[in-house]
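In case you want the letters, here they are:
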Amino acid sequence: MADNLSRGHWTSRFGFILAAAGSAIGLGNVWKFPYITGQNGGGAFVLVYLICIVLVGLPIMMAEFLIGRHGQRDAVGSFAALEGRRSPWVLVGWGGVAASFILLSFYAVVAGWSFDYVVKASLGTFAGRTPDEINAIFDTLVSSAGQVIFWQALFIVATVAIVLGGIRGGIERYSKILMPVLFALLVLLFVRGMLSPGARQGLEFMFRPDFGSLTPKSILDALGHAFFTLSIGAGTMITYGSYLEKDSDLFSLSLRITILDTVVALLAGLAIFPVVFAAGLEPGAGPGLVFQTIPIVFSSLPFGSLLAVVFFVLLSFAALSSSISMLEVSVAYLVDEKGWGRRRATMLIGGAAFLVGLPSALSFNLWSDVTPLFDMTFFALFDVLVSSYLLPIGGFLVALYAGWFWKKEEEKAELAGRTGRRWLYPVWHFLLRFVAPISVLVIILNKAGLFE
Ligand code: PHE
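First, a word on what this report is: a plain description of the structure on this page. Please read these numbers as outputs of a predicted model, since none were measured by experiment. (Residues numbered from 1 in each chain as written. Predicted model: local features only at pLDDT ≥ 70, side-chain atom pairs only at ≥ 80, totals over all residues. Heavy atoms only, no water.)

**Topic: the packing of aromatic side chains**
Next, step 1: Tallied over the entire structure, the rule returns 32 aromatic pairs.
Next, step 2: Each ring, one from Trp113 and one from Phe291, has its centre 5.5 Å from the other, and the planes form 80°; the classification is edge-to-face. Here the residue Trp113 occupies a position in helix α5 (residues 90-122), and Phe291 occupies one in helix α13 (residues 289-299), the gap between them amounting to 178 residues. In this pair, the class of Trp113 matches that of Phe291, namely buried. (Phe/Tyr/Trp six-rings, centres within 6.5 Å; stacked < 30°, edge-to-face > 60°. Helix = DSSP H or I, 4+ residues; strand = E, 2+ residues; numbered from the N terminus. Buried < 20%, exposed > 50% of the residue type's maximum accessible area, 1.4 Å probe, protein only.)

**Topic: the packing of α5 against helix α14 (residues 304-338)**
Next, step 1: Look at α5 against α14: their axes get within 8 Å of each other, and the N-to-C directions meet at 160°. In terms of orientation, α5 lies roughly antiparallel with respect to α14. Note that α5 runs across α14; the crossing there is left-handed.
Next, step 2: Its residues placed into classes, the contact of α5 with α14 shows 21 nonpolar, 9 polar and no charged. (Axes fitted to C-alpha atoms, helices over the stretch in contact; angles between N-to-C directions. Parallel < 35°, antiparallel > 145°, perpendicular 65-115°, else oblique. Left-handed = near helix turned anticlockwise from the far one by under 90°. Nonpolar A, V, L, I, M, F, W, Y, C, P; charged D, E, K, R; others polar.)

**Some points on the site of the ligand**
Next, step 1: Of all residues adjacent to the ligand, which total 16 residues, the nearest are Ala24, Gly28, Tyr107, Phe228 and Ser231.
Next, step 2: For the ligand, an oxygen atom lies 2.8 Å from a polar atom in the backbone of Gly28.
Next, step 3: Residue Thr229 places a main-chain N or O atom 3.1 Å away from a nitrogen atom belonging to the ligand.
Next, step 4: For the ligand, whose unbound accessible area comes to 330 Å², protein coverage reaches 100%.
Next, step 5: Most atoms of the ligand, that is more than half of them, are within 2 Å of grid points of the largest cavity.
Next, step 6: For the shell around the ligand, the secondary-structure elements that each account for two or more residues are α1 (13-24), α2 (27-39), α5, α10 (216-230) and α14. (Near = heavy atom within 4 Å. Polar contact = N/O pair within 3.5 Å; in protein donor to acceptor, adjacent residues only side chain to side chain. Areas by Shrake-Rupley, 256 points an atom, 1.4 Å probe, with all protein chains shown as cover. 1 Å grid on protein atoms, 1.4 Å probe; cavity = no way out; pocket = protein on both sides within 12 Å on 5 of 7 lines; lining within 4 Å. Sits in = over half its atoms within 2 Å of the grid points.)

**Comments concerning the side chain of Ser252**
Next, step 1: Considering the arrangement of structural elements, one finds Ser252 in helix α12 (residues 250-278).
Next, step 2: Non-local contacts of Ser252, meaning those with residues more than four positions away in its chain, are made with Arg13 and Arg421. (Contact = heavy atoms within 4.5 Å.)

**As for the layout of surface pockets**
Next, step 1: The computed volume of the largest pocket comes to approximately 390 Å³.
Next, step 2: Lining the largest pocket are 19 residues, and of these Lys217, Asp221, Asp383, Val384 and Ser388 lie nearest its centre.
Next, step 3: Breaking the lining of the largest pocket down by element, the ones donating at least two residues are α2, α10 and α16 (378-405).
Next, step 4: No other element matches the 7 residues that α16 contributes to the lining of the largest pocket.
Next, step 5: Split into classes, the residues belonging to the lining of the largest pocket amount to 9 nonpolar, 5 polar and 5 charged. (Points joined across faces, edges and corners; volume = space filled by probe spheres on them.)

**Brief notes about the pattern of salt bridges**
Next, step 1: With the rule as written, the count across this model stands at 8 salt bridges.
Next, step 2: Arg73 is the partner of Glu337 in a salt bridge, and the nearest nitrogen-oxygen pair spans 2.9 Å. Taken together, the residues Glu337 in helix α14 and Arg73 in the loop between α3 (43-71) and α4 (75-83) connect sequence positions 264 residues apart.
Next, step 3: Judged by relative accessible area, which is 13%, Arg73 ranks as buried.
Next, step 4: Put simply, Glu204 and Arg208 hold a salt bridge, and the shortest N to O gap is 3.8 Å.
Next, step 5: Residue Arg208 is classed as exposed on the basis of its relative accessible area of 55%.
Next, step 6: By sharing partners, the salt bridges in this structure join Arg73, Arg85 and Glu337 into a single network. (Salt bridge = Lys/Arg side-chain N within 4 Å of Asp/Glu carboxyl O.)

**Quick notes on unusual backbone geometry**
Next, step 1: At Gln72, a position not held by glycine, the phi torsion is positive, near 55°.
Next, step 2: Inspection of the secondary structure puts Gln72 in the loop between α3 and α4.
Next, step 3: Even without being glycine, Asp375 reaches a positive phi, approximately 65°.
Next, step 4: On the secondary structure map, Asp375 appears in the loop between α15 (342-362) and α16.

**Considerations on the nonpolar core**
Next, step 1: Counting 154 residues, the largest nonpolar core has Trp31, Ile60, Trp113, Leu186, Ile257, Phe311 and Trp428 as its most contacted members.
Next, step 2: In terms of residue count, the dominant contributor to this core is α5 (19 residues). (Core = buried A, V, L, I, M, F, W, Y, C linked by side-chain atoms within 4.5 Å.)

**What to know about empty space enclosed by the protein**
Next, step 1: Counted by the stated rule, this structure contains 3 cavities of 30 Å³ or more.
Next, step 2: As a volume, the largest cavity reaches approximately 110 Å³.
Next, step 3: Forming the boundary of the largest cavity are 15 residues, of which Ser23, Leu103, Phe228, Ser231 and Met326 lie nearest the centre.
Next, step 4: At the level of secondary structure, the elements contributing two or more residues to the lining of the largest cavity comprise α1, α5, α10 and α14.
Next, step 5: The leading source of residues in the lining of the largest cavity is α14, at 3 residues.
Next, step 6: The class makeup of the residues in the lining of the largest cavity is 8 nonpolar, 7 polar and no charged.

Quick look at the structure:
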C-alpha cells in the first residue's frame, strides 16, 4: 500500500477546481444534456434536473469530497480507512469502480466521434453544406464500425497517456488551459444562438415547463443526469477529493464546480436548440443531436470552419478531462490497494475499457439490430445501467453513509474546516439524511412502476 507521502496532491486550489470541474464538464453537458432535454420535452425536464442538482447533487458531491479527503485513498480504500476493510460500505467504493469503468468504455465511443469531427472540420467537410447533408455525414461516420472503433481506440490511448502523467503533470496541467477556452467558445455559440431566428422557440423549449410532458422515465433521466454531469456516484469525486489538502473549503469548491457545470450545460442547450428550430430539425433526434446541429451553426458564421475545428478540439478535451477522472478511479484503486505501479495499472485498465467498449461501438453499425435486453442496443443498455441505476444508487448510498452512519463529530470537523459557516452543517446534513435518499428511492421505485 502506498503511504500518503507518495501520493500526488493538487498543486493549488485553482488546479483542483479546474480538474474537478473538468471531470464534471464533459460530453454530459454538451452532448448528453441537450439531447436528453430534447427527448424529454424541454422545460419541465430542465427544471427537475436543476432541482436535482441543487438538492441532491451538490450535497452528495460535498460528501464524496469529504470521504475522499478524510480517507486519503482511492474510493474503495477511503471507505476501508473510515470503516474498516470488512465493512459493507467498502462495497460502495467498489460500485464506484465498476460504474466509472463501464462508463469509460462507452464514453470513449462518443468522444471518438468528436475526434473524428476535428479532422472533418479541419478538412472543411461541413462548409457550405445543408442540414440534410450534415446529417448524412454523421450517419456515415457512425455506420462505419472501422472508423468508430479507430477513434474510440485513439481516445482511450489519449486518456491513458494523460493518466500516466499522474495528478500534477497530467490531469491538472491540461484542465487549466483548456476549460477556460471551451467556456469562451460556448459563450460565443450561445450569443450566436440568441441572434438566430430560432432563439425564441429555443428559449421557450428550454425554459417554459410543460408538466404534461413529465413521465417517470423523464424524471429518472433528469435525476440520473444530475449524477452523471456532476461525476458523482462513480467514485470519481471521492478519488479526486483524496488528492486534496486538509484545509480546503469544500463547500465553496463544490458550489463553484456545480455552478460552472450547470452554466456550461445551459449554454450548450441555448446554443443548440435555436439552431434545431431554425433549421427545422427534430429536438428529440437522440445521440446525434450535437453532431448534427453544431456544424450547422458554424457553417453560417464568419471563420466558421476554423471555429468548428476549435470547438471540436475543445469538446474532445472536455471529454478527455472527464475520461481521465473515470480511469483514475480504477487506477487509484490498483495503486493504493494493490500496490501496483501506476503505469501497469493505467495500461491494463485502459486496454480493458477499450475491449468492453467494443459492443457499444458496434451498436451504431454492425450490431445496431442486436438488442440483448429490453429492446436496447449494448450502448443504450450500458448507458441506462450506469446513468439511471449505478450512479444514482451509488450516490444514494454515499448520502446514506454521510447522512446516517458517519460519526458526527468527525464529519462535522471535516466539513467545517476553518470557515465558521454555522448553517452549513445542519442544512447539508438534512439534505443528505432525508432529501437526497428519499428522492432517489422514490424516483427509482416510481420508474419501476411500483407506485402504479
Ligand atoms: N461528468 C462527466 C460528463 O458530464 C461524466 C462523468 C461521470 C465523469 C461520472 C466521471 C464520472 O461528461
